[in-house]
Amino acid sequence: AKMGASKINDAKKMLEEIPDALKNKAEILALQAQIDLSNQAEGIGEVNDLRSTLTNDGNNHQARFDLALALFTKGETSEAIQELLTIFRVDQEWNDDAARQQLFKFFDILGSENSITLSGRRQLASSMKVASDLALEWIVYVGGHIPARLSLLRSWVRLGRHTSHTTCIRNART
C-alpha cells in the first residue's frame, strides 16, 4: 500500500539513524524499497486508465510498467509482477532493464520467503534461461558469421522470444 507523506518522512528519518551494520538487513532493505516505490508511484495514474491504454496499445511498455506500480501499491502484488514479467519477456532491455530491476524491488518488499516472490523469481529465471538458450542455439545455427548472428539476435528481440527460427532468419536477412 502507498505510504502517506508523513509516514515516508518518518521512515526516511528512521533509516538515517540506523547504524551502518544494520542497513543491509532484509527488513531495512524492504523499508527502503517501500519508500522508493511510494515515491516512484506518485502521479502514475489510475489502474483503469492504464488498463485502457494497454487495451489500445498492448506494446506500451511504459503504461504496463506504470500499471505494475499502481497494482503493487494497491496490494495486487501477483498481478503487478506478471505485468513486469510481460515486459521482460517481450523486451528485456527496455528502459535500461527497468522491468527486471523493478521486479527485484518488489521481491525485496515482499520478502525472500514470500510465495509470490518465489513464483516470480522462478518465472524470471525461466524467461532468462529461455532467452539465453535460444540465443546460443541461434548462434550455433547461423555459424561463425558475426554480423549474421547479431542481425539474427536483433530480429529475435524485435519479433519476440516466441518467434520461430525460420521467421527470425528470414527477417534477419532483410
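The structure we're discussing is the one just above.
So, here is what we can say about the structure in this document. Being a predicted model, the structure only gives us computed values, none of them experimental. (Residues numbered from 1 in each chain as written. Predicted model: local features only at pLDDT ≥ 70, side-chain atom pairs only at ≥ 80, totals over all residues. Heavy atoms only, no water.)

## Focus on the packing of helix 3 (residues 47-56) against helix 4 (residues 61-73)
Relative to each other, helix 3 and helix 4 sit at 155°, their axes nearing to 9 Å. In terms of orientation, helix 3 lies roughly antiparallel with respect to helix 4. The two elements helix 3 and helix 4 meet at a crossing, and its hand is left-handed. Judged by residue contacts, Val47, Leu50, Arg51, Thr53 and Leu54 of helix 3 engage Ala63, Arg64, Asp66, Leu67, Ala70 and Leu71 from helix 4. Here the residues of the contact of helix 3 with helix 4 sort into 7 nonpolar, 1 polar and 3 charged. (Axes fitted to C-alpha atoms, helices over the stretch in contact; angles between N-to-C directions. Helix = DSSP H or I, 4+ residues; strand = E, 2+ residues; numbered from the N terminus. Parallel < 35°, antiparallel > 145°, perpendicular 65-115°, else oblique. Left-handed = near helix turned anticlockwise from the far one by under 90°. Contact = heavy atoms within 4.5 Å. Nonpolar A, V, L, I, M, F, W, Y, C, P; charged D, E, K, R; others polar.)

## Here's the deal with the nonpolar core
By size, the foremost hydrophobic cluster in this structure holds 29 residues, and its most contacted members are Phe65, Leu84, Leu103 and Phe106. Only helix 2 (26-41), helix 3, helix 4, helix 5 (77-90) and helix 6 (94-110) provide two or more residues apiece to this core. The residues touching Leu84, leaving out its near neighbours within four places in the chain, are Phe65, Ala68, Ala99, Gln102, Leu103 and Phe106. Among the nonpolar cores identified, the runner-up in size contains 7 residues, and Leu15, Ile18, Ile28 and Ile35 belong to it. (Core = buried A, V, L, I, M, F, W, Y, C linked by side-chain atoms within 4.5 Å. Buried < 20%, exposed > 50% of the residue type's maximum accessible area, 1.4 Å probe, protein only.)

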